[in-house]
Amino acid sequence: MVTEETVICWSRDGALARIGIHRPDKRNALATRHWAAIEAALDEIAASDAQIVVVSGVPGAFSAGADIDELGQLLTVPEAFAANNAQVQRTQLKLQRLPQTTLAVIDGACVGGGLGLALACDLRLASTRSRFAITPAKLGLVYSADDSRRLLNTVGMARTREMLLTGRLLDAATALDWGLVNQLAGEDGIEALEQAQVQQLLATSGQARRAIKTVLGHLGGDACFSLAQADAAFNDAFSSSDFVEGAAAFLEKRAPRFM
């Protein structure tokens, strides 16, 4: 499926869904309409039986953040600026709460709203040429509470303070050391690392991964997930079909075959 003049594309291949951002002339900067297109793709993916969702950009840019041309226009119309902020927040929350396991594959610039998009994913892979920053303080702006919580849950308070207060640009090695990304690609490249990570995830239980996201959502401060829901996710797993298969595979000393 193609949306927003092919800037935002999503496709499905079995258990794997992909959302791609294709705006290389703008380093994948995102305008309001692009965020809306991502949200629409997430709605369709959430209703599908895909298990893994990969979000990626183009070579050299995951996303440079806000579309500066549009931002200049929005600043003259407060209602439009507020609508843009609401759209961005809604899309990122939807990605964060997606039941499927989500993976940001980053090659190049990952800045501002682009990093916000990546932080809404469960896991982040990056190439060694990737760079990361959150720079609202340089514009006299403030990062939202939801965005700040995602960053805080990922890198801790001290490093969140440093990133937000200074707008510091991090190289890939520092991002890995700080826990901002989970893995860096080696000589085989980012595509090979992505494939390996997807296969590793698909070898685990989809039911368990969805339940784990409920527990972690509660622990991460997402009001959408209550303690009761987290407890139910834990308790219900013991009667799930995937546990039956996983236990049988363990006893039979074979790889599990999860549906």
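Everything below is about the structure shown above.
Everything in this summary refers to the structure shown in the same document. Worth saying up front: this structure is predicted, and the values here are computed from it rather than measured. (Residues numbered from 1 in each chain as written. Predicted model: local features only at pLDDT ≥ 70, side-chain atom pairs only at ≥ 80, totals over all residues. Heavy atoms only, no water.)

Before going further, it helps to spend a moment on the sheet that holds strand S9 (residues 131–133). Spatial strand order, S5-S7-S9-S10: 4 strands in an open sheet with mixed pairing. If you trace the sheet from one side to the other, it starts and ends with strand S5 (61–63) and strand S10 (170–171), each paired once. In terms of strand pairing, strand S7 (residues 109–111) meets S9 through 3 bridges, oriented parallel. By the bridge assignment, Ala-109 is partnered in S9 with Arg-131. (Pairing = 2+ DSSP bridges. Helix = DSSP H or I, 4+ residues; strand = E, 2+ residues; numbered from the N terminus.)

Let us look at the pattern of salt bridges. On inspection of all chains with the given rule, the structure shows 15 salt bridges. Ionic contacts of the salt-bridge type, sharing partners, join the residues Glu-39, Asp-43, Arg-90 and Lys-94 into one network. (Salt bridge = Lys/Arg side-chain N within 4 Å of Asp/Glu carboxyl O.)

Here we take up the pairing of strand S4 (residues 52–56). Counting buried residues in S4 gives 4 out of 5 residues, a clear majority hidden from the surface. Relative to S4, strand S3 (residues 16–21) runs parallel, the two sharing 5 bridges. Counted as the bridge partner of Ile-19 is Val-55 from S4. What joins S3 to S4 is helix H1 (residues 32–46), and the crossover it makes is right-handed. (Buried < 20%, exposed > 50% of the residue type's maximum accessible area, 1.4 Å probe, protein only. Right-handed = clockwise from strand over helix to strand, strands pointing away.)

This next bit is on helix H5 (residues 145–155). Three or more residues of H5 are buried, namely Asp-147, Ser-148, Arg-150, Leu-151 and Val-155. Along the axis of H5, the buried residues cluster in a sector spanning 160 degrees; they form a single face. Turning to H5, the residues buried within the fold contact helix H3 (78–96), helix H4 (113–119), helix H6 (157–166) and helix H7 (172–178). (Arc of directions from axis to C-beta. Contact = heavy atoms within 4.5 Å.)

So, on to the nonpolar core. Counting 42 residues, the largest nonpolar core has Ile-19, Leu-115, Phe-132 and Leu-180 as its most contacted members. Not counting residues within four places of it along the chain, the set of residues in contact with Leu-115 comprises Cys-110, Phe-132, Ala-133, Ile-134, Met-163 and Leu-180. In this structure, Ile-52, Val-105, Leu-125 and Ile-190 belong to the second largest nonpolar core, which totals 11 residues. (Core = buried A, V, L, I, M, F, W, Y, C linked by side-chain atoms within 4.5 Å.)

A word on the pairing of strand S6 (residues 101–106). Most of S6 is tucked away: 6 of the 6 residues are buried. Side chains of S6 alternate between two faces, with Thr-101, Leu-103 and Val-105 and Thr-102, Ala-104 and Ile-106 buried alike. Pairing geometry for S4 and S6, over 5 bridges, is parallel. Looking at the pairing, Val-54 lines up with Leu-103 of S6. Here S6 pairs with strand S8 (residues 123–126) via 4 bridges, running parallel. If you follow Ala-104 over to S8, its bridge partner there is Arg-124.

By themselves, these observations are geometric and do not establish any function.
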